[in-house]
Amino acid sequence: MSNDKTAGAHGVGKRFIGVKFDCCQVYARIYINNEGTAYEGRCPGCLREISVKISKDGVNCRFFSAF
């Protein structure tokens, strides 16, 4: 299984990226939305929202920082 998925009950996963939220100095995974157009989530500390659009050009990086 690829490292960009997390295993569910039946081995099926949902794509995610890792984000370090500088606002609260915490790390969290944010998951792809149902439309497959962006990764969306919240800081687990202050609940600040984040959305990372998916481009067809893309990047190989799986971990990001949110300032």
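Before going into details, it helps to say that this report is about the structure given with it. Keep in mind that this is a model prediction, so the values were computed, not measured.

## Thoughts on the packing of aromatic side chains
Overall, the coordinates contain two aromatic pairs when judged by the stated rule. Here tyrosine 27 and phenylalanine 63 contribute two aromatic rings whose centre-to-centre distance is 6.3 Å and whose plane-to-plane angle is 35°, an arrangement assigned as tilted. Of the two residues, tyrosine 27 is situated in strand 3 (residues 26-32) and phenylalanine 63 in strand 6 (residues 63-66); the sequence distance between them amounts to 36 residues. Under the relative-accessibility criterion, tyrosine 27 is labelled partly exposed at 46%. You can call phenylalanine 63 exposed: its relative accessible area is 54%. Taking the ring centre of phenylalanine 16 as reference, the NZ or CZ of arginine 29 above it sits at 4.0 Å.

## So, the nonpolar core
Among the nonpolar cores identified, the biggest contains 10 residues, and these are Ile17, Val19, Phe21, Ala28, Ile30, Ile32, Tyr39, Cys43, Ile50 and Ala66. Looking at this core, the elements with two or more residues in it are strand 2 (13-21) and strand 3. The contacts of alanine 28, once residues within four sequence positions are left out, are Ile17, Gly18, Val19, Phe21 and Pro44.

## Digging into the layout of surface pockets
Within this model, the largest pocket holds a volume of roughly 250 Å³. What lines the largest pocket is a set of 13 residues, among which Tyr39, Ile54, Gly58, Val59 and Arg62 lie closest to the centre. Elements with a minimum of two residues in the lining of the largest pocket: strand 2 and strand 5 (49-53).

## Let's talk about the pairing of strand 3
Along any regular strand the residues' side chains alternate between the sheet's two faces. In this structure, strand 2 lies alongside strand 3, joined through six bridges in antiparallel fashion. Looking at the pairing, phenylalanine 16 lines up with tyrosine 31 of strand 3. Hairpin connection of strand 2 to strand 3: four residues between the antiparallel strands, including glutamine 25 at a positive phi of 55°. Sheet analysis places strand 3 next to strand 4 (residues 38-42), joined by two bridges and oriented antiparallel. Bridging from a neighbouring strand, tyrosine 31 pairs with glutamate 40 of strand 4.

Calculation notes
Residues numbered from 1 in each chain as written. Predicted model: local features only at pLDDT ≥ 70, side-chain atom pairs only at ≥ 80, totals over all residues. Heavy atoms only, no water. Phe/Tyr/Trp six-rings, centres within 6.5 Å; stacked < 30°, edge-to-face > 60°. Helix = DSSP H or I, 4+ residues; strand = E, 2+ residues; numbered from the N terminus. Buried < 20%, exposed > 50% of the residue type's maximum accessible area, 1.4 Å probe, protein only. Lys NZ or Arg CZ within 6 Å of the ring centre and 35° of its normal. Core = buried A, V, L, I, M, F, W, Y, C linked by side-chain atoms within 4.5 Å. Contact = heavy atoms within 4.5 Å. 1 Å grid on protein atoms, 1.4 Å probe; cavity = no way out; pocket = protein on both sides within 12 Å on 5 of 7 lines; lining within 4 Å. Points joined across faces, edges and corners; volume = space filled by probe spheres on them. Pairing = 2+ DSSP bridges.

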